[in-house]
Amino acid sequence: MGERDDPGTIGRRVQRLRVERGLTQRQLAEPVYTPAYVSTLESGRVRPSDDALRHLAGRLGVAFDELATGRSARLVTELRLRLTEAQRVFTVGEAEAAAEQYAELLVEAETQELAGEQAAALLGLGECALETGELVAGRQYFERAEACLAGAPLLARVPALRGRAVAHYLAGELRYAVYLLETTLDELNRGGLHDPDALLLLYSSAIGPYMDMGAHARAAQAAELALALAPQSGDPALVARMHRSVARTLVAEGRLAEADASLAKAAELYRSLQIRTELAHCHWMRGYVYAQDGQLERAEAELREALGMLSAKRAALYSSQVAVELADVLHRRGESDEAAALLHGVLDDLSPERGAVHSAAAHRLLGIIAEDARRTEDAEEHYVRALSLLERAGAAGDLADLCRLLGDLLRRTGRVEAALDAYRTGLGHRTAPGTTTLGPAPAQPPL
């Protein structure tokens, strides 16, 4: 329950409880202590021993811990049970309802001065904010959780650090997200803190930013390490999330059947755990795999399923991202008008600070649709917007292809010098495939 309060606080608490129960100092003291001792204790002039506190707690009808710290052991246990219930509500996809519960629990934890429970409530609020697309609020919740755990070991702070990294990643700040994840991984591994759940959480979270930055070699390495750690993890939800992340590297390597198998494992785990939002992410990723394999009908079905599930749970940012990928499949199936309408409908939910990579993908696809319709000026405008978004995010993985599209458009319209500039920009991002200007890779765990 933590350290006991100072003598003055304990004395005032004893006096308040004694008066509430209608006891005199003599009645409280007998038969072991004197009224004078109780008077001295209530004035804060003596530090009571454990034996004295146990005697007084028994006479006052409260627990020893409650008298020593002001916290009821029963209330703390109930608070932890309610935190678990809020987590259950979140995992079934009710992020807004879970956020309300976490907010109430945070106030209670602050009143009780329970740092661990405050951090748990703040982590829950951060995850809910990510789910609903409130990235700034989410990052602030994770920062506050870190502050609550400032004196705790690094392992205890990993979920907050990871949450902050994901918030930066979704906001388009890829390089800083990778910095946070790699720094934490390096510190854990160099310090011999080889906790499987913590490492699995961090490696799985690093795959997405690595892929978007074009750091395919590091993404593949992170996937290999995550797969090796998975059998040691005691958290099935974490293992399922890992399978979903690893599928991205398998797709990049052309190993589509293995990617689909990895996603099937994740989906099975999420169904057994009844985690609907993560299950929606599995449908999303499977749709992406099928699209890469040219199975457009199956891809459309999976993406529509994911979009329906995420929209029903008001996961606004993720819904917008799925809509962009669904629009790409629709365009490839010849449904360009529906694709364009879908893209225009979600662009308001995306911005340079909120889903920058998918916002760029939306503008890229709108540019292609406009170019197909011979609306050259519209196409160029969309390509330039996409280029700006990707450069700001450092998403080198998609920049080269976009520069090629823009260069081809400029060349066809007679602007040869501008086209050459676009091609040179693209070549700059192809000079070292699979690498970035990231520093040395973090230390690895012994496996």
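Residues numbered from 1 in each chain as written. Predicted model: local features only at pLDDT ≥ 70, side-chain atom pairs only at ≥ 80, totals over all residues. Heavy atoms only, no water.

Caption draft 1: Main features of the overall build of the protein chain. Assigned secondary structure in the protein chain consists of 23 helices and zero strands. Dimensions of the protein chain along its principal axes, counting C-alpha atoms only, are 100 × 40 × 40 Å. Within the protein chain, the fraction of its 447 residues that count as buried is 51%. In the protein chain, of all internal contacts separated by at least 6 residues, the share reaching a separation of at least 24 is 61%. Counting only carbon and sulfur atoms, one obtains 50% of the accessible surface of the protein chain, whose full area is about 20,400 Å². Where the 50 positive side-chain charges of the protein chain centre and where its 64 negative ones centre are 4 Å apart. (Helix = DSSP H or I, 4+ residues; strand = E, 2+ residues; numbered from the N terminus. Buried < 20%, exposed > 50% of the residue type's maximum accessible area, 1.4 Å probe, protein only. Contact = heavy atoms within 4.5 Å. Areas by Shrake-Rupley, 256 points an atom, 1.4 Å probe, with all protein chains shown as cover. Lys, Arg positive; Asp, Glu negative; His and termini not counted. Charge placed at Lys NZ, Arg CZ, Asp CG, Glu CD.)

Caption draft 2: Representation of the UniProt feature "domain: HTH cro/C1-type" (unreviewed entry) in the protein chain. In this numbering, the UniProt entry assigns the feature "domain: HTH cro/C1-type" (unreviewed entry) to residues 14–67. Strand forms 0% of residues 14–67 and helix 65%; the C-alpha atoms that close the span are 7 Å apart. (UniProt positions renumbered as here; feature names shortened; annotations may be inferred.)

Caption draft 3: Here's a closer look at the confidence of the model for the protein chain. Per-residue pLDDT for the protein chain has a mean of 86; in total, 95% of the residues score no lower than 70. Scored below 50 in pLDDT, residues 430–437 makes 10 contacts in the model with residues more than four places away or belonging to other chains. (pLDDT = per-residue confidence, 0-100.)

Caption draft 4: Structural context of the packing of helix H19 (residues 336–347) against helix H20 (residues 356–372). Their axes nearest at 10 Å, the elements H19 and H20 cross at an angle of 145 degrees. At the point where H19 passes H20, the crossing takes the left-handed sense. On H20, the residues that touch Ser 336, Ala 339, Ala 340, Leu 343, His 344 and Leu 347 of H19 are Ser 359, Ala 362, His 363, Leu 365, Leu 366 and Ile 369. For the contact of H19 with H20, a count of residues per class yields eight nonpolar, four polar and no charged. (Axes fitted to C-alpha atoms, helices over the stretch in contact; angles between N-to-C directions. Left-handed = near helix turned anticlockwise from the far one by under 90°. Nonpolar A, V, L, I, M, F, W, Y, C, P; charged D, E, K, R; others polar.)

Caption draft 5: Summary view of the side chain of Gln 321. With respect to the helices and strands, the residue Gln 321 is situated in helix H18 (residues 316–332). When its relative accessible area of 6% is taken as the criterion, Gln 321 is described as buried. If near-sequence neighbours (up to four positions away) are discounted, Gln 321 is found in contact with Leu 170, Trp 284, Gly 355 and His 358.

Caption draft 6: Molecular detail of unusual backbone geometry. Residue Glu 30 is joined to Pro 31 through a cis peptide bond whose omega torsion reads 0 degrees. Structurally, the position occupied by Pro 31 is in the loop between helix H2 (25–29) and helix H3 (35–42). In the Ramachandran plot, Arg 374 falls in the positive-phi region, its phi being about 65 degrees despite a non-glycine side chain.

Caption draft 7: Inspection of the side chain of Ser 320 at higher detail. Note that Ser 320 resides in helix H18. Overall, the relative accessible area of 1% leaves Ser 320 in the buried class. Setting aside chain neighbours within four positions, we find Ser 320 in contact with Val 346, Asp 349 and Leu 350.

Caption draft 8: Molecular detail of the packing of aromatic side chains. Tallying each qualifying case throughout the model produces three aromatic pairs. Summarising the aromatic geometry, the rings of Tyr 33 and Tyr 37 are spaced 5.1 Å apart at their centres and angled 20 degrees between planes, so their arrangement reads as stacked. The lysine or arginine in question, Arg 54, covers the ring of Phe 64, its NZ or CZ lying 4.8 Å from the ring centre. (Phe/Tyr/Trp six-rings, centres within 6.5 Å; stacked < 30°, edge-to-face > 60°. Lys NZ or Arg CZ within 6 Å of the ring centre and 35° of its normal.)

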